[in-house]
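Here is how the chains run, residue by residue.
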Amino acid sequence: MKIDSHHPLDLTRAAAAFAALGSEQRLSVLRTLVRAGPEGLSIGALGDRTGVTGSTLTHHVKILNSAGLVTQARQGRSIICAAVAFDEVQDLANFLITECCADSPDTDHTHG
């Protein structure tokens, strides 16, 4: 079963995104933002929920942003909000499952 994706990832972009998730703290940050939904969270609220704060949190959010997994926007004077780039996260998940079982000897590709 093929899963459609709006912007399929190439191997290089997928590797960069997975590398960005190669930290427990960054994975925790992303999971927390996924749970928060499309509105995202302020950096302060994100820190409260993950236990990651200050320059460490800023560093992790920057890496996730560079990988295209998190977006940042300024609200008001100085509150930085972070939200998951849901399309990119979906593309990353699709990268893993799109070709599921394609090479499996038990899969009959001649019958639908």
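Criteria and cut-off values
Residues numbered from 1 in each chain as written. Predicted model: local features only at pLDDT ≥ 70, side-chain atom pairs only at ≥ 80, totals over all residues. Heavy atoms only, no water. Helix = DSSP H or I, 4+ residues; strand = E, 2+ residues; numbered from the N terminus. Buried < 20%, exposed > 50% of the residue type's maximum accessible area, 1.4 Å probe, protein only. Areas by Shrake-Rupley, 256 points an atom, 1.4 Å probe, with all protein chains shown as cover. Salt bridge = Lys/Arg side-chain N within 4 Å of Asp/Glu carboxyl O. Expected span 1.5 Å × (residues − 1). Arc of directions from axis to C-beta. Contact = heavy atoms within 4.5 Å. Polar contact = N/O pair within 3.5 Å; in protein donor to acceptor, adjacent residues only side chain to side chain. Axes fitted to C-alpha atoms, helices over the stretch in contact; angles between N-to-C directions. Parallel < 35°, antiparallel > 145°, perpendicular 65-115°, else oblique. Nonpolar A, V, L, I, M, F, W, Y, C, P; charged D, E, K, R; others polar.

Participant: Can you break down the overall build of the chain residue by residue, with the values?
Facilitator: Assigned secondary structure in the chain consists of five helices and three strands. Taken from N to C terminus, the helices and strands of the chain fall in the order α-α-β-α-α-β-β-α. Looking at the chain residue by residue over its 112 residues, the buried ones come to 30%. When the accessible area of the chain is evaluated, it comes to approximately 7600 Å², of which 53% is carbon and sulfur surface.

Participant: Got a sec to walk through the pattern of salt bridges? Specific residues and values, please.
Facilitator: According to the stated counting rule, one finds one salt bridge in the structure shown. Between Glu-88 and Arg-13 there is a salt bridge whose closest N-O contact spans 2.8 Å. Highlighted residues: Glu-88 in helix α5 (residues 86-97) and Arg-13 in helix α1 (residues 11-20), separated in sequence by 75 residues.

Participant: Would you mind going over the environment of Leu-11 in detail, with residue names and values included?
Facilitator: The residue Leu-11 is located in helix α1 in this model. Separated by 84 residues in the primary sequence, Leu-11 and Phe-95 place their C-alpha atoms 8.7 Å from one another.

Participant: Talk me through α5; I want residue IDs and the actual numbers.
Facilitator: Here α5 spans 17 Å end to end across 12 residues, near enough to the 16 Å set by a 1.5 Å rise per residue. Taken together, the buried positions of α5 are Asp-91, Leu-92 and Asn-94. Looking down the long axis of α5, one finds its buried residues gathered within 165° of arc, a one-sided arrangement. Of the surrounding secondary structure, the elements contacted by the buried residues of α5 are α1.

Participant: How would you explain the environment of Arg-26 if you had to name every residue and give the values?
Facilitator: On the secondary structure map, Arg-26 appears in helix α2 (residues 24-36). The exposure class of Arg-26 is buried, given its relative accessible area of 12%. C-alpha separation for the pair Arg-26 and Ile-63, spaced 37 residues apart in sequence, amounts to 8.4 Å. Not counting the four nearest positions on each side in its chain, Arg-26 is found in contact with Ala-19, Ala-20, His-60, Ile-63 and Leu-64. One polar contact links the side chain of Arg-26 to the main-chain carbonyl oxygen of Ala-20, over a distance of 2.6 Å.

Participant: Provide a residue-level description of the packing of α2 against helix α4 (residues 54-66), including the pertinent values.
Facilitator: One way to put it is that α2 packs onto α4 with a least axis distance of 10 Å and a crossing angle of 75°. Taken together, the axes of α2 and α4 are roughly perpendicular relative to one another. Together, Gln-25, Arg-26, Val-29 and Leu-30 of α2 and Thr-56, Leu-57, His-60, Val-61, Ile-63 and Leu-64 of α4 make up the contact between the two elements. Its residues assigned to classes, the contact of α2 with α4 shows six nonpolar, three polar and one charged.

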